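Below are the chains, spelled out letter by letter.
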Amino acid sequence: SLAIVWLRRDLRLADNPALHAACAAHERVLPVYIHAPQEEGEWAPGAASRWWLHHSLAALESSLHGHHSTLHLRAGDSLGELAALIRATGAAAVYWNRLYEPAAIARDTRIKQALREQGVAAHSFNAALWREPWQIATKTGDPYRVFTPYWRNLRTLIDEGEPLPVPQPLRGATAEGGVSLESLELLPRIRWDAGMAAAWTPGERGAQELLELFADDAVADYAEGRDIPSRHGTSRLSPHLHFGEISPRQAQAGLRALLAKRGGKRPDVEPFLRELGWREFAHHLMFHFPETHTANFNPKFDGFPWAADDEALIERWQRGRTGIPLVDAGMRELWHTGWMHNRVRMVVASFFTKNLRQHWHHGARWFWDTLVDADLPNNSLGWQWVAGCGADAAPYFRVFNPVSQSQKFDAKGEYLARWLPELANAVPALRHEPWKDPSLLRKSGYPAPMVDLGESRAAALEAFQAVKS
Ligand code: FAD
């Protein structure tokens, strides 16, 4: 019999439970991707994500070819396209790996029901998480709202077993009626993607290369190195994890295997696993509190006096023209590469929600469009954490000071020099505070600060009084 494997954000052949199960149970297997952004509600992929998706699908197609199989592409309504394929191929079953965003859960539940009513078996699996959101609860059976006890529990539940191999053989089937990758029009019409193309290799192989790079170098010093934005001190696996080109289980087992092969002193991988734990925690929260992609996790913030939406202000932040060097460097890194270092994400988000007092929704939306790793659970958690309205959030009154942050984490101003060519020739001390030398601003064209950091901080704390009680 023939089975359809409906691929979504699990764009890999190894450690893919749906693909594995389909190959084990059927003579022929048809891997299918259906482009249906309209089904993701208000969170259809942004421009940077679409760029990634194009290249990831191309990479998957090429690996499938290597295994005498092909990727069948379709576009339209997922259920309609699946139904048409079932009619055309006589497929007996559809296999997929689960997603956890509210719109995806609603759609998949509806599709599972409809397939079963048509007498077609529908099998779904976990490919994205160590533990699915409903497989972990507090002692009283409730969802977690605080990370540390969540992680303490999750850490004891992680299966340290080997990931699944690429199924051999892949039993590739073909079908009529597919569309070409180009016809999905995922790439930008105006080619602004050179920076992203230079920074990334989307696909399963690209993920493995980054894991090797991380094992060779950054993991040894990760606990400290992860805070230094001028270094490659983190894994940069986030877009690969988002698109399912690598699973947390593969990252964990792969890292251990690579470190064992290298020999010598084994670095501690726990701090890295803990960050993957944050990703799981974000999925846990999004599943149990599905409205929090837009609603404040802490409802007290519903009455927070945000400043009026100010397009001009927001645009200066987006373009990296605020006059605050670490903020501008981060925003330009984002625009150029589709990624921003975690510490800098916290700083730009704090500046946006506190010094500019613009609603976190507008910042989260910009990230959504420009990040190659844009991920609804992680992005919502990140913005709400910084804004102070999230689960287990930084207290609102903790306003990041972007000057002391860059002095501390980019002491030599290397990250600033990389992204702010206007300041690259200034001495490091002035890169952090260029306004101290008005002639530097005049000569370089770098803007003066758009707000006074001290005054805007005081105003933010004042506004916070409204929700404090
Ligand atoms: P590493 O340090 O190598 O960590 C490994 C993996 O753990 C990451 O790839 C990621 O999947 C996960 N992880 C690490 N830190 C976090 C975290 N704080 N929260 C959740 N998961 C984490 N991450 C996204 O993947 N997508 C987003 O849309 C996103 N938006 C963010 C918005 C804000 C305002 C903030 C403060 C953080 C956001 N993050 C987001 C979290 C974090 O910044 C990135 O996951 C991280 O920078 C990715 O780099 P890396 O892969 O090198 O991380």
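Here is what the cut-offs are and how they apply
- Residues numbered from 1 in each chain as written.
- Predicted model: local features only at pLDDT ≥ 70, side-chain atom pairs only at ≥ 80, totals over all residues.
- Helix = DSSP H or I, 4+ residues; strand = E, 2+ residues; numbered from the N terminus.
- Expected span 1.5 Å × (residues − 1).
- Buried ≥ 20, exposed ≤ 12 C-beta atoms within 10 Å, placed from the backbone.
- Contact = placed C-beta atoms within 7 Å.
- Near = placed C-beta within 6 Å.
- Nonpolar A, V, L, I, M, F, W, Y, C, P; charged D, E, K, R; others polar.
- Domains from an automatic or database assignment.
- pLDDT = per-residue confidence, 0-100.
- Axes fitted to C-alpha atoms, helices over the stretch in contact; angles between N-to-C directions.
- Parallel < 35°, antiparallel > 145°, perpendicular 65-115°, else oblique.
- Left-handed = near helix turned anticlockwise from the far one by under 90°.
- Pairing = 2+ DSSP bridges.
- Right-handed = clockwise from strand over helix to strand, strands pointing away.
- Core = buried A, V, L, I, M, F, W, Y, C linked by C-beta atoms within 7 Å.

Can you help me understand unusual backbone geometry in this one?
Backbone geometry follows two general trends: most residues other than glycine have a negative phi, and most peptide bonds adopt the trans configuration. Cis geometry marks the peptide bond from Gln 168 to Pro 169; its omega dihedral reads -10°. Residue placement: Pro 169 occurs in the loop between α5 (147–157) and α6 (194–199). The backbone of Arg 171 sits at a positive phi, close to 55°, despite the residue not being glycine. The backbone phi angle of Asp 392 is positive, close to 50°, even though this residue is not glycine. Residue placement: Asp 392 occurs in the loop between α16 (376–387) and α17 (402–409).

Can you walk me through helix α14 (residues 342–355) in this structure?
Since the α-helix advances by 3.6 residues per turn, residues separated by three or four positions end up pointing in the same direction. Compared with an ideal rise of 1.5 Å per residue, which puts 14 residues at 20 Å, α14 spans 19 Å between its outermost C-alpha atoms and is within 8% of the ideal. Burial analysis of α14 places 12 of its 14 residues in the buried class, the great majority of the element. Listing the buried residues of α14 in full gives Arg 343, Val 344, Arg 345, Val 347, Val 348, Ala 349, Ser 350, Phe 351, Phe 352, Thr 353, Lys 354 and Asn 355. Those residues of α14 hidden inside the fold are in contact with α12 (311–319), α13 (325–337), α15 (360–370), α16, α17 and α21 (453–468). Just downstream of α14, Arg 357 is the residue with a positive phi angle, here 50°.

Before we go on, may I ask you to explain the site of the ligand in this structure?
As a structural note, the neighbourhood of the ligand is formed by 28 residues, with Thr 234, Ser 235, Ser 238, Asn 379 and Gly 382 the closest of them. Mapped onto the shell around the ligand, the elements with two or more residues apiece are α9 (238–242), α11 (270–288), α14 and α16. Per-element tally for the shell around the ligand: the top contributor is α16, with 6 residues. Per-class residue counts for the shell around the ligand are 13 nonpolar, 8 polar and 7 charged. Three or more residues apiece are contributed to the shell around the ligand by two domains, here domain 2 (128–161 + 204–288) and domain 3 (299–468).

How do you make sense of the domain arrangement of the chain when you look at a structure like this?
Accessible area lost when the parts come together is the quantity often used to give the size of an interface. Under the domain assignment used here, the chain contains domain 1 (2–127), domain 2 (128–161 + 204–288) and domain 3 (299–468). When each unit is reduced to the centre of its C-alpha atoms, the spacing between domain 1 and domain 3 is 38 Å. Taken together, the contact between domain 1 and domain 3 spans 7 residues of the former and 8 residues of the latter. Among the residues forming the side of domain 1 that touches domain 3, the class breakdown is 4 nonpolar, 2 polar and 1 charged.

Looking at this structure, I do not really get the confidence of the model for the chain. What am I missing?
The predicted coordinates of low-pLDDT regions are not to be read in fine detail. A residue-level look at the chain finds 100% of positions with pLDDT of 70 or above and a mean pLDDT of 96. Across the whole predicted complex the pTM is 0.98, and at the interface the ipTM reaches 0.99.

Even after reading the chapter, I still don't get the packing of α14 against α16, so can you show me in this structure?
A pair of packed helices is captured by two measures, namely the crossing angle of their axes and the spacing between those axes. One way to put it is that α14 packs onto α16 with a least axis distance of 9 Å and a crossing angle of 60°. In terms of orientation, α14 lies oblique with respect to α16. Here α14 and α16 pass one another in a crossing that is right-handed. Two secondary-structure elements touch here, α14 through Arg 345, Met 346, Ala 349, Ser 350 and Thr 353 and α16 through Gly 382, Trp 383, Val 386 and Ala 387. Per-class residue counts for the contact of α14 with α16 are 5 nonpolar, 3 polar and 1 charged.

Looking at this structure, how should I read the pairing of strand β5 (residues 121–125)?
In the case of a regular strand, side chains alternate between the two sheet surfaces. The pairing of strand β4 (residues 93–97) with β5 spans 5 bridges and is parallel. Bridging across to β5, Ala 93 finds its partner in Ala 121. In this fold, β4 hands off to helix α4 (residues 102–117), which returns the chain to β5; that crossover is right-handed.

It is not clear to me how the environment of Pro 102 should be interpreted in this structure. Could you clarify?
Note on placement: Pro 102 falls in helix α4. It is 21 Å that separates the C-alpha atoms of Pro 102 and Leu 371, two residues lying 269 residues apart in sequence.

Before we go on, may I ask you to explain the nonpolar core in this structure?
Most often, soluble globular proteins keep nonpolar side chains buried together rather than apart. Counting 98 residues, the largest nonpolar core has Ile 4, Val 5, Trp 6, Val 32, Val 94 and Tyr 95 as its most contacted members. Among the elements that make up this core, the one with the highest residue count is helix α2 (residues 47–66) (7 residues). Aside from chain neighbours lying at most four places away, what touches Trp 6 is Val 32, Ile 34, Leu 82, Val 94, Tyr 95 and Trp 96. One finds Tyr 222, Ala 251, Phe 272 and Leu 276 within the second-largest nonpolar core, a separate group that totals 14 residues.

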